[in-house]
Amino acid sequence: MLPNRFALGQIRMLKEKLQKELNEALKSGDQLKRSVLGLLMTAIKNREVGKRTQLSKTTSDIPELEKQSQLTDDEILEVIAGEAKKRKEAIEQFKAGGREDLAQKERSEMDILAAYLPEQASEEEVRAEIQKVIADLNAQGPKDMGKVIGAAMAKLKGKADGGTVSKIAKELLQ
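Predicted model only: the values in this text are computed from it and were never measured. By convention here, each chain's residues receive numbers from 1 onward along its written sequence. Reporting in this predicted model follows two pLDDT cut-offs: at least 70 for local features of residues, and 80 or more for side-chain atom pairs to be given and counted; totals over whole chains, interfaces and linings ignore these cut-offs and use all residues. With hydrogens and water excluded, all non-hydrogen atoms of the structure serve as input to the side-chain values.

Undergrad: If you had to explain the nonpolar core to someone new, which residues and values would you point to?
TA: Leu18, Leu40, Ile44, Ile76, Ile80 and Tyr116 are the most contacted members of the largest nonpolar core, which totals 20 residues. Per the convention used, a helix needs a DSSP run of H or I reaching at least four residues, while a strand needs a run of E reaching at least two, with both numbered from the N terminus. Of all the elements in the fold, those that place two or more residues in this core are α1 (13-28), α2 (31-55), α4 (73-96) and α5 (100-114). Tallying contributions element by element places α2 first for this core, with six residues. Those residues in contact with Ile80 that sit more than four places away from it in its chain are Leu14, Leu18, Leu40, Leu113, Tyr116 and Leu117. By nonpolar core is meant a set of buried Ala, Val, Leu, Ile, Met, Phe, Trp, Tyr and Cys residues that side-chain atoms within 4.5 Å join together. We call a residue buried when its accessible area falls under 20% of the maximum for its residue type, exposed when it is over 50%, and partly exposed in between, using a 1.4 Å probe and counting protein chains only. Contacts are residue-level and defined by heavy atoms, with any inter-residue pair within 4.5 Å sufficient.

Written as structure tokens, this is what we have:
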């Protein structure tokens, strides 16, 4: 299992780790982990293809294009966070629909993805950070919500989801 903390910003270190763990899951017969990591690697590849498409508009040097289109660990963390968010939303939908069996499957998948994300900040930590941002920006009310959320998300990148930040910022700016 990947430790919950690792150096951010290094190119391909996390991708290599994910590929290695996918291979281990294939060998060990861990169907759930194989499925989750396989889907994650596909999502990463799709993001790289999108990046390559954008970059191809500015350069035609194939080796350079290939090199530049590789995702950094920060970008891979964004993909993982997006996949985890999809699982969280699916859990809520399945619970609302009375399908606890499917909600549990999504929870198991989310647990696998969570192991690759930085430790999430508690609600109290998020609230404290937003209060600092509000003070730093001298935010006065709901009209400053966009500035507060933008600055808070930059400081809490990967440690808190946007929904939580938005909810707390709205509450504090009322």
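The discussion continues.
Undergrad: Can you break down the packing of α2 against α5 residue by residue, with the values?
TA: How two helices sit against one another is set out by the angle between their axes and by the gap between those axes. Angular values range over 0 to 180 degrees, each being the angle between N-to-C directions of two axes fitted as lines to C-alpha atoms, with helices fitted over their stretch in contact. Two elements in contact, α2 and α5, have axes whose closest approach is 10 Å; the angle formed by their N-to-C orientations is 65°. Between α2 and α5 lies a crossing whose hand is right-handed. Residues Leu32, Lys33, Val36 and Leu40 of α2 touch α5, and the partners they reach there are Ser108, Glu109, Ile112 and Leu113. As a working rule, the residues Ala, Val, Leu, Ile, Met, Phe, Trp, Tyr, Cys and Pro are called nonpolar, Asp, Glu, Lys and Arg charged, and the rest polar, with Gly in that last group. Counted by class, the contact of α2 with α5 contains five nonpolar, one polar and two charged residues. Throughout, a crossing is termed right-handed when the near helix is turned clockwise from the far one, and left-handed when it is turned anticlockwise from it by less than a right angle.

Undergrad: Now, about unusual backbone geometry: what can you tell me, with residues and values included?
TA: The residue Asn138 is not glycine, and still its phi comes out positive at about 55°. In this fold, Asn138 is placed in the loop between α6 (123-137) and α7 (145-155).

Undergrad: Quick one: what's the story with the environment of Thr42, residue by residue and with numbers?
TA: Secondary-structure assignment places Thr42 in helix α2. For the pair formed by Thr42 and Asp101, sequence separation is 59 residues and the distance between their alpha carbons is 25 Å.

Undergrad: Can you lay out α2 for me, pointing to particular residues and giving the numbers?
TA: Helices are assigned an expected span. That span is 1.5 Å times one less than the residue count. With 25 residues, α2 extends 36 Å between its outermost C-alpha atoms, agreeing within 8% with the 36 Å of an ideal straight helix rising 1.5 Å per residue. Within α2, burial applies to Lys33, Val36, Leu37, Leu40, Met41, Ala43, Ile44, Glu48, Arg52 and Leu55. On its buried face, α2 sits against α1, α3 (62-68), α4 and α5.

Undergrad: Residues and numbers for the packing of α6 against α7, please.
TA: One way to put it is that α6 packs onto α7 with a least axis distance of 9 Å and a crossing angle of 125°. Comparing their axes, α7 and α6 come out oblique. Handedness of the crossing formed by α6 with α7: right-handed. Taken together, the residues of α7 that come into contact with α6 (itself represented by Glu129, Ile130, Val133, Ile134, Asp136 and Leu137) are Lys147, Val148, Ala151, Ala152 and Lys155. Grouping the constituent residues of the contact of α6 with α7 by class yields seven nonpolar, no polar and four charged. Here the word oblique covers every angle except those under 35 degrees (roughly parallel), over 145 (roughly antiparallel) and from 65 to 115 (roughly perpendicular).

Undergrad: Describe the environment of Leu32, and please don't skip the residues or the numbers.
TA: Along the chain, Leu32 turns up in helix α2. With relative accessibility at 30%, the residue Leu32 sits in the partly exposed group.

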